[in-house]
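Structural features, examined
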Amino acid sequence: MSDSEGDKGVISAGMPEHPPGIGLALGGGMARGFAHIGVLRVLQRESIKPSIVTGTSIGAVVGASYLAGKLDEFEEWALSLNRMRMLSYLDFRGRNASLIGGKKLQRILTHNFKNMDIEDLPTPFIAIAADLLTGHEVWLRKGSLIEAMTASFALPGVFPPVERNHRFLVDGALVNPVPVAPAQAMGARMTIGVDLNADIIGKAAKPGEGYQTVAGFDLFNDADVPPEQQKKYTSTLTKKLFGRQEHSPSLFGVMVSALSIIQDRLTRSRLAGDPPDIHIKPKIGDIGLLEFEKAEELIARGQDAAEKALPEIRDAMRVFLPPSS
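No experiment lies behind these values; they were computed from the predicted model shown.

1. Here's the deal with the overall build of the protein chain
- In terms of regular secondary structure, the protein chain is built from 11 helices and 11 strands.
- For the protein chain, with 325 residues in total, the buried portion stands at 53%.
- In the protein chain, the proportion of contacts linking residues at least 24 apart, taken out of those at least 6 apart, comes to 76%.
- Of the roughly 14500 Å² of accessible surface on the protein chain, a fraction of 53% belongs to carbon and sulfur atoms.

Quick look at the structure:
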């Protein structure tokens, strides 16, 4: 184990000290992670500044963007996404350890974060990943910021694992979907957890539809991808991955929704043992995990959830963070 990473509960001796305060834990949830932007906007407006940020999967990406001063750029990119543009970022390969190479997404991260290290951030940050061999929870808190983010969202079978210090690291949602415990271990006196998978009611079938949308991603939807443009993305591989029969989910939809079930059950278990002081749960269950084109709606719902939590946050701050005498 190196100074740049550690298993659950282990803190590197070289980690700089920081004053205790608010720990913000941003959970995983793929496209639903855009709701984190809305939550952060409300906290910024109210001058509620965390002293440590932890993130899993998309939560790690949003958290890192926020601390690096790149939240505006990230939000602008999110709002620019549509079904076709999202597909253009997916470099399908169907070989080795993953279906998607991830090089196009890597170029976006490199453009925005270049050679930035986690230590360059103004506030302590931890990205959560999982060790593919041992199943251990790994806390990435030093070294390359891009590498940490990439490891945290490396969904098994979809994106390739990230090799780091002789370990293969994959999506942290497999071990800690809402990383409250790392924030507590790092000294946060008060924790805010943002859970993207708690809206069970919203996951029911949409009104007027006789089946659940599952992952919410239909490659051959004429409304989102014009028929004349579909040919660009209809290779044999993409058809097998994203094509679906009527009233039946696609292969990719089944894979992603299975992860959602794991996340939901694991989140309940983890938060029962390490509950946040404030639990923010945006009502976004009706939006599929892969509906990246709904960024505006997701941001608005995250903002609404944070607005409703403000009184509770203020009360908690008076208890856990009294003014120094």
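2. Considering unusual backbone geometry
- In the Ramachandran plot, S47 falls in the positive-phi region, its phi being about 55 degrees despite a non-glycine side chain.
- With respect to the secondary-structure elements, S47 resides in the loop between α1 (35-45) and β3 (52-56).
- At N165, a residue that is not glycine, the phi angle is positive and equals roughly 50 degrees.
- When you line up the elements, N165 lands in the loop between β8 (162-164) and β9 (167-171).
- Its relative accessible area of 43% is what places N165 among the partly exposed residues.

3. Some points on the packing of α1 against helix α3 (residues 71-80)
- One way to put it is that α1 packs onto α3 with a least axis distance of 11 Å and a crossing angle of 145 degrees. Crossing of α1 over α3 shows left-handed handedness. Across the interface between the two elements, I37, L40, R41 and Q44 of α1 pack against L71, D72, F74, E75 and A78 of α3.

4. Considerations on helix α11 (residues 295-320)
- Of all the bends in α11, the greatest reaches close to 45 degrees and is centred on L310; the proline P311 follows between one and four positions later.
- Regarding α11, the residues found buried are A295, L298, I299, G302, A305, A306, A309, L310, I313, A316 and M317.
- Looking at the buried side of α11, the elements it contacts are β2 (22-26), α1, α3, β10 (190-194) and β11 (278-280).

5. Some points on the environment of K49
- By secondary structure assignment, the location of K49 is in the loop between α1 and β3.
- Each C-alpha atom of the pair K49 and T123 lies 9.8 Å from the other, and the pair is 74 residues apart in sequence.

6. Overview of the side chain of T267
- Assignment of secondary structure puts T267 in helix α10 (residues 251-273).
- Setting aside chain neighbours within four positions, we find T267 in contact with P177, V178 and D195.

7. Considering the pairing of β10
- For β10, a buried count of 5 out of 5 residues is recorded, marking the element as mostly surrounded by other parts of the structure.
- Residue alternation in β10 divides its side chains into two sets, M190, I192 and V194 and T191 and G193, and both sets are buried.
- Pairing of β2 with β10 involves 5 bridges; the strand directions are parallel. Residue pairing in the sheet places L26 in a bridge with V194 of β10.
- Bridge count for β10 against β11 is 3 bridges, and the pairing is parallel. Directly across from G193, in β11, lies its bridge partner H279.

8. Some remarks on the nonpolar core
- The biggest cluster of nonpolar side chains holds 73 residues, and the ones touching the most others in it are F34, F125, I280 and I313.
- Looking at which element gives the most residues to this core, the answer is α11, with 10 residues.
- Once residues within four sequence positions are removed from consideration, F34 is found in contact with F74, W77, A78, L81, F292, A295, L298 and I299.
- Counting 10 residues, the second-largest nonpolar core is a separate cluster that includes I52, I126, V170 and V175.

9. Observations concerning the environment of H279
- Assignment of secondary structure puts H279 in strand β11.
- Put simply, H279 and T191 are 88 residues apart on the chain and 8.6 Å apart in space, counted from C-alpha to C-alpha.
- Within the structure, the side chain of H279 is placed 3.2 Å from the side chain of D195, a separation counted as a polar contact.

10. Some points on the packing of aromatic side chains
- A complete count under the given rule lists 4 aromatic pairs for this structure.
- Look at F74 and W77: their rings are 5.9 Å apart centre to centre, the planes differ by 45 degrees, and that puts the pair in the tilted class. Of the two residues, F74 and W77 are both situated in helix α3; the distance of 3 residues between them amounts to about one turn of the helix.
- Grouped by ring-pair contacts, the aromatic residues F34, F74, W77 and F292 constitute a single cluster.

Rules used throughout
Residues numbered from 1 in each chain as written. Predicted model: local features only at pLDDT ≥ 70, side-chain atom pairs only at ≥ 80, totals over all residues. Heavy atoms only, no water. Helix = DSSP H or I, 4+ residues; strand = E, 2+ residues; numbered from the N terminus. Buried < 20%, exposed > 50% of the residue type's maximum accessible area, 1.4 Å probe, protein only. Contact = heavy atoms within 4.5 Å. Areas by Shrake-Rupley, 256 points an atom, 1.4 Å probe, with all protein chains shown as cover. Axes fitted to C-alpha atoms, helices over the stretch in contact; angles between N-to-C directions. Left-handed = near helix turned anticlockwise from the far one by under 90°. Bend = angle between axes of the 7 residues up to and from the residue. Pairing = 2+ DSSP bridges. Core = buried A, V, L, I, M, F, W, Y, C linked by side-chain atoms within 4.5 Å. Polar contact = N/O pair within 3.5 Å; in protein donor to acceptor, adjacent residues only side chain to side chain. Phe/Tyr/Trp six-rings, centres within 6.5 Å; stacked < 30°, edge-to-face > 60°.

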